[in-house]
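Each chain, written out:
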Amino acid sequence: MKKIPGYGRSPIHLLGVLFCYSLVTYAAVKLFSNVSLWIALAFPAGIALHDFILFPAYRKANHFLTDYQVKREKQGKTSRRWINHIRVPVVLSFLLLLCYFPIILRLVADQRPKNTGLSQDSYLYRWLIVTAVLAAGSALAYFLRERRSRQH
Amino acid sequence: MKDNRNSDSGGIKEEINKIPEKGPFRRDYWRSPLRGPWFASFMSLLLLIVIPIVFITGLIDHVAWNPDLGGNNNRTPDMGILGFLTGIEWPTRPIWLYRLTEGMHVVLGIALLPLVLGKLWAIMPSLYKWPLADSLAHALERISLLFVIGGIFFQIFTGLFYIQNFIILHNVKFNQLHFYGNWIFIGGLVLHVLVKFPVMIDGLKNRDTSEELSKSRDETEPEPEEEGRLVSTDPAEPTISRRGAIAMVGGGALTLMGLAVGQTLGKKWSRMAILSPRAQTLPGNGPNDFRVNKTAEYAGITPEMAGPDWRLELVGRTTRRLSRDELLAMPQYTSSLPIACLEGWSTGNQNWEGVRLRDLAKLAGMPDAGKVLFESMEEKDSAARESYMRHNQIQDPLSLLALRVNGADLSMDHGFPARTIVPATPGNRNTKWVYRITFMEEA
């Protein structure tokens, strides 16, 4: 489709941009007439947290793992790739922490059981147990595969 | 050696010119052999399936509160044109309707997190394009990514923080955040889909999906370099196949779903939802041993308030005061209905016994009441202190002012002396510890 001179994209694109920015502006005005403007920081903060902390951290961790794996393989010290047996439980456990950290770390308003009649003290242990099960399952899968490949 | 006498502005310009050769702006900084248009498109497709379901079930929750009836039913009072769905009559059948839609909203909303992270991983290199934009149109399009990426995280985390009662949301109006935040996200998403949908289709067409999914790690090849910025120019050896990476993302989503879905399947299954805040099984197996959102103690209900002096004030054409015994002397009906909370948990069907709401409307001299207001004795939670319902909810033969449940008197925690229970209605709207019912002509 033809580009609009000085704009650089098609008329449909312009319509999309107009729709997007008017809806966002309207919703933002409504939002911030009801809640503090500080909340707006959550949008760039979420992105910054992902792009500048979360992403570089897991990138580094992953490079460390892969480099070590490759080194061991070159030395002939390992026959089977174990890297994904580490990645999977770590990723799943981390996802659960990311979702449930307020209750796991007890950062909860009014956690006394009289609120719901339920105790919320044990979530850290629950998460640790899930993590342990994931790690054990992954290790077991690794050794089973290892044994099977040796038998062949 | 570099000339230090260069002016500062020249230094900055030089720095800017060097940006494309630096860190993440370099194409060979990104080394994964998995990244490419096909992989990114596949991740987009997953999101494009799940996000509409979460969006629509969220809107359904908004409608289910009948916000046009006013009072606490409307959690976002000055929503203006964003309240375009307001006024739709929320049905009372099927009885599990709200249980299903809200359960899906919460469980799939949580499961979105790994899908979003997977998608972001797949497209990371394209966020570091230099120059940042090639035209005004492109600049506006890229700025709108702030609404898309920021918005989806905002929605997922406000939801997660709310169901966990995270201290950071104390004194912040969750409904305002989650409702308006949604529209900011949707604004960005509409533009993003408009621009990128054809790109996604091309990306998927480039390779045969079933063939791609059949490749093992050793068969995994980088996508062709000329296919754009997402493909590394210096790919590392693959350590996982594409299908493996997809399985990891999908498996993450399934794990989160598997650990959350139990909270809405009923008593036995709730053991599976070990990390969900309200899914624990209550000790005991008695008639009243199913979950509550709030105990009587927390709501400030004392035994005296619910004692023999309690009277139900029934307001319509006339005003009457009825004791619990008088209510029990009226025709009693049994309804088998679940409790479904907006936090996503729900119970199986419980057998509620009590007086039909339509009988109470007749008694108040308003058999055709268009609207009813229930008021609770509770002090703590202003959202639950009053609730409006409309004509269809009053008239449904299953709608009760419940006095008993599962063959026993209601426990204090379940709303003794009397609570409302209406099919397919959000748990919070079914007022506990009722002290006054006011029938009104107009909706």
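Cut-offs and rules
Residues numbered from 1 in each chain as written. Chains lettered and ligands numbered in written order. Predicted model: local features only at pLDDT ≥ 70, side-chain atom pairs only at ≥ 80, totals over all residues. Helix = DSSP H or I, 4+ residues; strand = E, 2+ residues; numbered from the N terminus. Buried ≥ 20, exposed ≤ 12 C-beta atoms within 10 Å, placed from the backbone. Contact = placed C-beta atoms within 7 Å. Domains from an automatic or database assignment. Nonpolar A, V, L, I, M, F, W, Y, C, P; charged D, E, K, R; others polar. Expected span 1.5 Å × (residues − 1). Bend = angle between axes of the 7 residues up to and from the residue.

## A look at the overall build of chain A
Link 1 in the chain: Within chain A, the secondary structure is distributed over 4 helices and 0 strands.
Link 2 in the chain: What you see in chain A, going N to C, is helices and strands ordered as α-α-α-α.
Link 3 in the chain: Overall, the C-alpha framework of chain A stretches about 65 × 60 × 25 Å when taken along its three principal axes.
Link 4 in the chain: Looking at chain A as a whole, 20% of its 152 residues qualify as buried.
Link 5 in the chain: Residue pairs in contact within chain A that sit at least 24 positions apart in sequence constitute 42% of those at least 6 positions apart.

## Overview of the domain arrangement of chain B
Residues and elements named next belong to chain B.
Link 1 in the chain: We note that the domain assignment places domain 1 (8-264) and domain 2 (296-440) within chain B.
Link 2 in the chain: Summarising the inter-unit geometry, the C-alpha centres of domain 1 and domain 2 are found 41 Å apart.
Link 3 in the chain: Facing 26 residues of domain 1, the contacting portion of domain 2 comprises 26 residues.
Link 4 in the chain: Listed by contribution, the elements that provide at least two residues to the side of domain 1 that touches domain 2 are helix 2 (37-64) and helix 3 (97-127).
Link 5 in the chain: For the side of domain 1 that touches domain 2, the leading source of residues is helix 3, giving 7 residues.
Link 6 in the chain: The residue makeup of the side of domain 1 that touches domain 2, split by class, is 12 nonpolar, 9 polar and 5 charged.

## Topic: helix 3 (residues 83-104) of chain A
Link 1 in the chain: Its 22 residues give helix 3 of chain A an end-to-end C-alpha distance of only 28 Å, which falls more than 12% under 32 Å, the value for a rise of 1.5 Å per residue.
Link 2 in the chain: The largest bend in helix 3 of chain A amounts to roughly 55° and is located at L98 of chain A, with the proline P102 of chain A lying one to four residues further along.
Link 3 in the chain: By the burial criterion, the buried members of helix 3 of chain A are N84, R87, V88, P89, V91, L92, L96, C99, Y100, P102, I103 and I104 of chain A.
Link 4 in the chain: Packing partners of the buried residues in helix 3 of chain A comprise helix 4 (123-151) of chain A together with helix 3, helix 5 (145-163) and helix 8 (242-260) of chain B.

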